[in-house]
Every structure is written in structure tokens, then in C-alpha cells.
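Secondary and tertiary structure notes
This is what each chain is made of:
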Amino acid sequence: MDNKEKEAASGPETTNFIEEIIKNDLESGKHNRVLTRFPPEPNGYLHIGHCASIVLNFGTAQKFGGETNLRFDDTNPVTEETEFVDGIIEDVQWLGFKPARILYASDYFDQLFEWAKELIRQGKAYVDFTSSKEVAEQKGTPTTPGVANQYRDTSPEVNLAEFEKMKNGEYPDGHCTLRAKIDLASPNMHMRDPYLYRIIHAHHHRTGDKWCIYPMYDWAHGQSDSIEGITHSVCTLEFIPHRELYDWCIETLGIYPSKQYEFARVNLTYTVMSKRKLKQLVAENYVDGWDDPRMPTIAGMRRRGFTPASLREFVKRAGIAKREKINDVNLLEYCLREDLNKTALRRIAVLRPLKVVITNLPEDQTEWMETENNPEDPTTGKRPLAFTRELYIEQDDYMETPPAGYNRLFPGGMTRLKSAFIIRCDEAVKDAEGNVTELHCTYFPESRSGQDNSGIKVKGVIHWLSAAHAQKAEVRLYDRLFQVEDPGAEEDFKTSINPNSLEIIKDALVEPALLDSNEGDRFQFMRIGYFCKDKYSTHENPVFNRTVTLKDSWKP
RNA sequence: UGGGUUAUGGUGUAACGGUAGCACAGCAGAUUUUGGUUCUGUUUGUCAGGGUUCGAAUCCUUGUAACCCAACCA
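1. Notes on the packing of aromatic side chains
Evaluation of the coordinates by the stated rule reveals 22 aromatic pairs. Between Phe129 and Tyr151, the ring centres sit 5.4 Å apart and the planes meet at 50°, which makes this aromatic pair tilted. With Phe129 in the loop between strand S4 (125–128) and helix H6 (132–138) and Tyr151 in the loop between H6 and helix H7 (156–167), this pair connects stretches of sequence that are 22 residues apart. Using a relative accessible area of 21% as the deciding quantity, one classes Tyr151 as partly exposed. Members of the aromatic cluster, each reached through a chain of ring pairs, are Phe109, Phe113, Phe163, Tyr197, Trp211 and Tyr214. The ring of Trp94 carries Arg302 above its face, with NZ or CZ at 5.3 Å from the centroid. A cation over an aromatic ring shows up here: Arg303 above the ring of Tyr536, its NZ or CZ 5.0 Å from the ring centre.

2. Things to note about the packing of helix H12 (residues 308–318) against helix H13 (residues 329–343)
Interhelical geometry of H12 versus H13 gives an angle of 140° and a closest axis separation of 8 Å. Taken as axis vectors, H12 and H13 run oblique relative to one another. In this structure, the crossing between H12 and H13 has a hand that is right-handed. Residues Ala309, Ser310, Leu311, Glu313, Phe314, Arg317 and Ala318 of H12 form the contact with H13, whose own contacting residues are Leu331, Leu332, Tyr334, Cys335, Leu336, Glu338 and Asp339. The residue makeup of the contact of H12 with H13, split by class, is 9 nonpolar, 1 polar and 4 charged.

3. Examining the protein's contact with RNA strand B
Around RNA strand B lies a shell of 63 residues, among which Tyr195, Arg323, Arg346, Ser449 and Ser553 are the nearest. For RNA strand B, the fraction of atoms within 4 Å of the protein that belong to sugar or phosphate moieties is 61%. One of the side-chain N or O atoms of Asp73 is found 3.2 Å from a sugar or linking oxygen in RNA strand B. Contact between RNA strand B and Ile326: a sugar or linking oxygen at 3.3 Å from a main-chain N or O atom of the residue. Looking at the surface near RNA strand B, the elements that each hand over two or more residues are H6, strand S6 (195–199), H12 and H13. Element by element, the count of residues in the surface near RNA strand B is highest for H13, at 4 residues. Looking at the surface near RNA strand B residue by residue, the class counts come to 22 nonpolar, 21 polar and 20 charged.

4. Examining the side chain of Arg408
Counting through the fold element by element, Arg408 comes out in the loop between strand S15 (390–394) and strand S16 (414–417). Assessed through its relative accessible area of 16%, Arg408 is described here as buried. Beyond its immediate sequence surroundings of up to four residues, Arg408 is in contact with Asp396, Asp397, Thr415, Ile462, Arg527 and Trp554.

5. So, the environment of Cys532
Locating Cys532 in the fold gives a position in strand S24 (residues 529–533). Measuring from C-alpha to C-alpha, the distance between Cys532 and Leu354 comes to 24 Å, with 178 residues separating the pair along the chain. Not counting the four nearest positions on each side in its chain, Cys532 is found in contact with Arg302, Arg303, Arg304, Gly305, Gly520, Asp521, Arg522, Val543, Phe544, Asn545 and Thr547.

Scoring rules and cut-offs
Residues numbered from 1 in each chain as written. Chains lettered and ligands numbered in written order. Predicted model: local features only at pLDDT ≥ 70, side-chain atom pairs only at ≥ 80, totals over all residues. Heavy atoms only, no water. Phe/Tyr/Trp six-rings, centres within 6.5 Å; stacked < 30°, edge-to-face > 60°. Helix = DSSP H or I, 4+ residues; strand = E, 2+ residues; numbered from the N terminus. Buried < 20%, exposed > 50% of the residue type's maximum accessible area, 1.4 Å probe, protein only. Lys NZ or Arg CZ within 6 Å of the ring centre and 35° of its normal. Axes fitted to C-alpha atoms, helices over the stretch in contact; angles between N-to-C directions. Parallel < 35°, antiparallel > 145°, perpendicular 65-115°, else oblique. Left-handed = near helix turned anticlockwise from the far one by under 90°. Contact = heavy atoms within 4.5 Å. Nonpolar A, V, L, I, M, F, W, Y, C, P; charged D, E, K, R; others polar. Near = heavy atom within 4 Å. Polar contact = N/O pair within 3.5 Å; in protein donor to acceptor, adjacent residues only side chain to side chain.

Without other data, these values stay purely geometric and don't point to any function.
In C-alpha cells form, the structure reads like this:
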């Protein structure tokens with residue numbers, strides 16, 4: 001099979017510099033296996049940016065026959081919670097990936113503590129009682145070297161004893177820290193005697209009250225990778241300056257040399273991705289929680305109606321590289337529609353109903369029609385539709401004075417009702433204010449869908465519902481949460497929030513088949529968009545979230 | 001103004017000294033009982049200057065711009 005056939009079979013073959021590195025490592029014999037890890041901190045929910053990291057780590061390992069650990073970077077007990085651990089595990093699985101192991105950095109606290117003592121014995125770490133403010137000053141600036149303080153030359157024996165006291169809870173929070181003794185003049189600020197341990201008397205979600213000292217990221221991450229035998233440790237660009245320290249810890253300890261590689265995080269237009277900002281949106285009630293359908297969180301997108309496949313495809317197409325970027329949300333929506341078009345069952349909903357009376361159809365007559373559940377997938381079969389004297393159509397599908405090219409109903413105009421008959425609009429009934437309240441139309445019995453011998457040609461096709469059969473439903477129309485492409489770049493991102501990001505339609509009408517659906521079920525409402533049944537649905541009041549509109553190329 | 005990283009159409013991403021390609025978006029058309037889908041066609045690009053070379057997005061050089069680093073966060 002040549003390249004072209006391969007592409008036709010499984011989509012475009014994506015490759016990136018990380019895969020390139022792995023491929024070379026395998027070919028050169030540097031590694032004979034691939035083990036990656038996805039290392040979230042359990043202090044918030046995962047978002048589409050994490051999705052890129054998940055797909056990169058799990059997908060790439062899979063591609064090379066390797067595996068991936070899910071490891072929680074839980075070294076800061078004051079911000080981390082089990083609620084987030086559970087949410088993250090659920091999100092990873094929902095995306096379609098299975099961790100080889102579920103691990104925690106806190107699993108390694110004992111080992112990390114031993115290694116810290118090892119460092120002290122080597123004279124490469126010391127307990128520092130200087131205040132954080134003073135330490136910051138002593139570190140100097142990027143252009144001026146730092147200066148040592150009196151604790152830098154404390155003997156290993158004393159340091160060992162003090163470190164033990166720290167661990168035993170003899171000092172209050174912030175009283176002292178353990179610092180690596182590296183290079184106060186390094187141009188890399190992270191090498192100027194970085195903090196290794198701090199005192200935090202707080203309950204940890206896994207280790208409880210066992211510890212009152214907790215390792216910093218730099219002391220925990222690389223060693224955790226090493227302990228697990230991670231071959232390729234992939235993280236985002238901002239960790240590039242940490243790499244030197246990552247390597248220093250591993251080399252100094254003489255342990256398995258995991259290697260760190262960095263890629264640019266995925267950003268999306270018209271949304272924010274920083275955990276801090278997302279948290280703020282939730283805390284200040286701009287949205288309905290972490291899983292609000294407008295949030296770029298995995299939970300939010302799931303509730304909105306996104307499919308795991310569409311998210312994976314988006315990340316694949318967005319690509320992996322080393323430059324900062326903002327991906328066009330259009331690409332995400334393209335991937336979504338592509339998947340949903342193939343899989344979502346078609347249903348009829350009328351969001352803003354306009355009554356139509358078929359004047360030449362007797363009240364007691366019901367014509368049964370048949371319509372496809374999904375024209376893209378004939379195996380989904382067909383379903384019946386009742387055609388009766390009183391119908392509802394979309395208000396948008398009638399215009400008193402239509403512009404050129406308008407294909408739908410207008411006085412004297414003819415249109416086909418999808419899967420049913422062609423009708424002609426004879427009269428628009430108006431109320432005292434002049435609003436159109438109902439349409440009187442004539443149907444043409446010979447134009448029955450599938451066996452049309454009426455000879456009438458119409459361009460427009462609209463959706464409709466039998467008034468006697470339609471059911472009430474609530475429909476929530478979501479739009480982008482922000483009005484500018486890069487709200488994160490604004491002085492205050494909240495000023496660019498879209499005030500119309502949610503419109504609730506309480507009295508939409510839907511076909512009866514929709515009442516049997518379950519939470520999370522996805523549908524295409526014909527000619528409108530894709531919708532997903534929301535968690536707030538009850539049998540009496542089903543709620544549907546608009547996932548994304550259909551593309552609409554109609555221009556007057 | 002110390003160190004690090006990055007510059008390819010509107011957006012994102014390929015091209016590894018040899019025809020600047022792909023996707024999304026845009027535009028135009030065909031098909032269509034969803035103004036959807038599908039299918040055609042098409043506009044737009046190598047950060048700038050100099051150099052090496054038969055040939056440079058790619059190598060050298062000088063600039064420019066953007067981002068990251070001075071948390072007891074990760």
C-alpha cells in the first residue's frame with residue numbers, strides 16, 4: 001500500500017517532532033520500548049489543551065507499541081482534591097484512553113525524602129531559614145548573579161538534623177525550606193539554589209497527615225518519571241528552563257535518565273484556557289459550573305455534545321510543534337460536524353413555531369409519512385411521521401416579502417415539507433399588531449414524497465411537525481463565551497464575555513421520538529444543528545443543548 | 001538590557017540543499033427532498049537585509065519581532 005492509499009484508509013498520516021525523536025531513539029537502540037506519562041495536577045478540571053497532551057502521550061505511545069501512565073502530580077495539598085482526581089480519570093477514559101497504571105507523585109514521598117537526605121550528605125542541599133522575600137532578593141536578577149547566605153555552608157550533619165526536624169513537624173509553615181546547592185550565578189534562575197521542600201501542615205488527599213513537608217515540582221517530577229522508567233517525558237514550553245534542573249536531579253542521584261521534551265500548548269480562539277481564569281468563571285457564576293456547555297473543559301464539551309472522536313481528530317489536525325499558537329475554533333467545529341454528520345440520528349424540532357393549517361386536508365385525516373433516521377447511514381432505518389391538518393413550521397421559513405433567492409414560504413409561494421408534500425401558502429393570518437399568527441396553505445396530494453407525479457418543481461424544503469403529535473421541549477442555544485479571538489490577551493478578560501452566549505427557548509416543539517432519549521444522546525435537528533440531551537432533562541421537560549449549528553451558506 | 005524558545009497564506013501545519021504542499025476558513029460553481037452532506041475549481045505565504053551555492057524556507061551572517069524564566073505553584 002503506498003502513501004496515498006494509506007491516507008485514504010486512515011486519514012492523513014500525522015507526524016511531529018516528538019514522534020521523530022521517538023522513532024530515532026528506537027532505531028538507534030537508545031530505547032527498546034516507549035513509556036510516556038500524562039501528569040495532571042488534581043486542582044481543576046481538564047480542558048481541551050490537556051486533551052492535546054493526552055492524545056500526544058497516549059496516542060504516540062500507542063503508535064510505537066508502548067504504554068502510558070496517568071500520574072497525578074499531587075505535591076501541593078492545599079490546592080488538590082479527590083473531586084478533581086475522579087474527574088480527570090473519567091475524562092481520560094471518556095476520551096478513549098486507558099492508562100497502563102494510575103499513579104501519584106505522592107506514592108514516591110518516602111523515596112523522595114531519602115533522596116533528599118542523600119543530596120544533603122553529598123553537600124548538595126541545605127536547610128535555609130531565610131524568609132522567602134529575602135531569598136528572592138538574594139537570588140539576584142537575570143542580569144545580576146545571586147549571593148549566598150549564611151545557611152549555604154551549613155555542614156551535612158547539621159542539615160540532616162534540621163531536615164529531620166522539618167519532617168517531624170517541629171517548625172511551623174514557612175519557617176524554613178530545603179534548597180539544592182547548585183549555582184547562584186547561573187543565567188538560568190531555576191539553578192540558583194531552587195527550593196526542594198517546604199513545610200505545609202495540611203491534610204493530603206492521599207497521604208493524610210503523614211507529612212508536613214512536601215516536595216516542590218522540580219524535586220518530584222523528574223524523579224517520578226525516573227522511578228517509573230518513563231522514556232519520553234513530554235511537557236509544555238514553559239518548562240524548558242526547568243529541563244536543566246530536571247537533568248541535574250537525575251544525574252546527581254544517578255538514577256534512570258528519563259528525558260524531557262517540550263511542545264507548544266493548544267489554545268483556541270474565543271475562549272480562555274488558563275486554569276485560573278476558568279476557575280474564576282465558575283466561582284463568579286459566569287457559567288453553570290465546570291461542566292457548563294460553554295466551557296472549554298472536557299466535562300463542558302461532553303455536556304455540550306462533543307464526541308471523543310471529534311476531540312481526538314481536532315488535536316491531531318491542530319498539530320504538535322514548538323511555537324505558541326492559537327488554533328481556529330472553526331477547525332474544532334469542522335471535526336465535530338464531520339463526526340456528528342456520520343453518527344447523529346436526524347430528528348425534527350421546531351424552535352420558533354408558526355402554525356400552518358392545511359385547508360384542503362380534513363381534520364380527521366392523518367397521512368403517514370416515512371423519513372430517514374440518517375441519510376449518511378442507511379442501517380439506521382426509517383421512522384413514521386404523521387401529516388395532519390394543523391402543522392407547525394419554523395417562523396424563519398416564512399417571509400412576507402422575501403429577498404431574491406429565498407426558497408421557502410411566502411404569500412403564493414410553494415415549498416416542500418421534508419419527506420411529505422408540497423404546499424402553497426394562500427393566506428397569512430395576522431393579529432391586531434400585524435404579526436403573522438398562522439398560515440393557510442394548500443397541499444398537493446400528488447406530490448407525496450417518493451411518488452411525486454404532481455409535476456411541480458420547488459427548490460425549498462422545510463421541516464415541520466404535526467400539531468397533534470408535537471411535544472414541548474426546552475432548547476438551549478449556546479454561542480461562543482467571548483467576543484474577541486484572544487480574550488486572555490485583554491486587560492480584563494471578563495470585559496469581553498459575550499452577553500448572549502446562552503439563549504433559552506422554553507417552548508420549542510419536538511417530534512415524539514425525542515422523548516425516549518437519554519442524557520447525552522446526540523441528534524441532528526434537521527436544518528438547524530446538532531443537539532445533545534442535557535443532564536437537567538426530566539420526562540416532563542426535556543432539555544436539549546445545541547452542540548453546534550449546521551453550516552449555513554444561505555445568503556440573501 | 002542575562003539566559004532560553006520560536007518565526008512559512010487569515011489560522012494551523014509540511015517540505016530534513018532540488019517544483020513551497022496539506023487542512024480549516026474565504027470565494028466561485030455542480031449535485032442535493034436538510035440552503036446540511038458530497039464534489040469541482042480558486043484567492044492568499046517562506047520576518048528583514050547581506051552572503052555561500054548551478055540551486056536556499058532549509059546553510060552562514062547581521063538585524064527585527066513574539067513568547068518564557070527572578071512562586072515556599074505546577
